[in-house]
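An overview of the molecular structure
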Amino acid sequence: GTRLLSLCLILLGASAAKGQTCTDIPGKLQQLDAGAGEVYGVTTSGSIYKWQRNVWVQVPGEMAHVSVGPAGVWATNKRSLVYKLQDNDWMRVSGLLKQIDAGGNKYLAGVNTEEVVYCLNRYDTISGSPYTHFTTIPGRLVYYSCGRLGCWGVNNASDIYFRYNVKPTACEGSQWWRVEGSLAMLEVGTDGSVFGLSPDGKVYKREGITYKKPTGTSWVNLNFLLQVKHVTYDAGALWLLSLEGDILKCEIPGTGLSDLV
């Protein structure tokens, strides 16, 4: 009995670093997104699920990438068509995006297959109309994610950029700031926390983010002993997907900026 227990503890410790409480979540996903208190995910075959009362509940439809946040629930399919969950139904919206992010203050952001960066002002996300006016942002990115204090992106060389002066009515912002480090993807939490993945699947958290210094001060390796392919953060929980698609939910404090509305 004791030997079995110590083996279990070794296995549990293999995925989580010291001082982190992590739970294995049933199921396998290709991508998932947490924001504004909700979690959605998609499987490799395109099935969509919502995490409700500690179980995955299937949502009708077929999508490749899903995002949830203050701007609502948005998704793109494998043909890059954009959809918004409107009155429990997927409404096709004008525009083509590969990756989409609803984490901004009711504005939307994303990139297309050509790595062109786009955003959608709050007026369009709350209008309920399928006709939208996407704004093009200069530069090329493979992943773009927004939160309380602005938007972060990475390009195909894993360079990291922060976009200054992004506003709900002027989502294009004003200028790029190159942030040191190298990440393959990153996600900004609703509270402004930033977590990213290095090209070899290690998880990093951006430290020192404040209103005065929205770009933070340093990257800290969270020392997960598994290779991670996707990460998202909301409400004190960091959700990780392993290379095989296994789901891990870890309790990690955020930046503590949740008092900002």
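Relevant structure appears above.
This one's a predicted model, so the numbers in the text were calculated from it and none came from an experiment.

**Observations regarding the state of the cysteines**
- Enumeration over the complete set of coordinates arrives at 3 disulfides.
- Note that Cys 22 is cross-linked by a disulfide to Cys 250, the S-S spacing being 2.1 Å. Because the sign of the S-S torsion sets the handedness, a value of about 110 degrees for the bond joining Cys 22 and Cys 250 places this disulfide among the right-handed ones. Taken as a pair, Cys 22 in strand β1 (residues 21–28) and Cys 250 in strand β24 (residues 246–251) lie far apart in primary sequence, 228 residues in all.
- Residue classification places Cys 22 among the buried residues on the basis of a relative accessible area of 15%.
- Since its relative accessible area comes to 0%, Cys 250 is described here as buried.

**Some remarks on the sheet that holds strand β20 (residues 203–207)**
- Sheet architecture is open: 4 strands sit in the order β18-β19-β20-β21, paired in antiparallel fashion. With one partner strand each, in any of the chains shown, β18 (185–188) and β21 (218–221) form the two edges of the open sheet. Each strand of the sheet is rotated relative to its neighbour by a mean of 30 degrees, with strand direction disregarded.
- Of the pairings in the sheet, the one linking β18 to strand β19 (residues 194–197) comprises 4 bridges and is antiparallel in character. Considered in β19, the bridge of Glu 187 is made with Phe 195.

**Digging into the environment of Ser 145**
- Within the fold, Ser 145 resides in strand β14 (residues 143–147).
- A C-alpha to C-alpha distance of 9.7 Å links Ser 145 and Phe 162, two positions 17 residues apart in sequence.
- Sequence-distant contacts of Ser 145, defined by excluding residues within four places in its chain, comprise Asp 101, Gly 150, Cys 151, Trp 152, Leu 186, Glu 187 and Val 188.
- Engagement of the side chain of Ser 145 in a polar contact is seen with the side chain of Asp 101, the distance being 2.8 Å.
- For Ser 145, the side chain forms a polar contact with the main-chain nitrogen of Val 188, separated by 3.0 Å.

**Concerning the packing of aromatic side chains**
- Across all of its chains, the model carries 10 aromatic pairs by this definition.
- Between Tyr 144 and Trp 176, the ring centres sit 5.8 Å apart and the planes meet at 70 degrees, which makes this aromatic pair edge-to-face. Taken as a pair, Tyr 144 in strand β14 and Trp 176 in strand β17 (residues 175–179) lie far apart in primary sequence, 32 residues in all.
- Tyr 144 sits in the buried class, given a relative accessible area of 0%.
- By the ring-pair criterion, three or more aromatic residues cluster together here, those being Trp 152, Phe 162, Tyr 164 and Trp 219.

**Some remarks on the pattern of salt bridges**
- Counting across every chain of the model gives 6 salt bridges.
- The salt bridge partner of Arg 206 is Glu 180, with a shortest N-O separation of 2.8 Å. With a gap of 26 residues between them, Arg 206 in strand β20 and Glu 180 in the loop between β17 and β18 connect regions that are remote in the sequence.

Calculation criteria
- Residues numbered from 1 in each chain as written.
- Predicted model: local features only at pLDDT ≥ 70, side-chain atom pairs only at ≥ 80, totals over all residues.
- Heavy atoms only, no water.
- Disulfide = S-S within 2.5 Å.
- Helix = DSSP H or I, 4+ residues; strand = E, 2+ residues; numbered from the N terminus.
- Buried < 20%, exposed > 50% of the residue type's maximum accessible area, 1.4 Å probe, protein only.
- Pairing = 2+ DSSP bridges.
- Axes fitted to C-alpha atoms, helices over the stretch in contact; angles between N-to-C directions.
- Contact = heavy atoms within 4.5 Å.
- Polar contact = N/O pair within 3.5 Å; in protein donor to acceptor, adjacent residues only side chain to side chain.
- Phe/Tyr/Trp six-rings, centres within 6.5 Å; stacked < 30°, edge-to-face > 60°.
- Salt bridge = Lys/Arg side-chain N within 4 Å of Asp/Glu carboxyl O.

It is worth stressing that arrangement in space is one thing and function is another; only the former is reported here.
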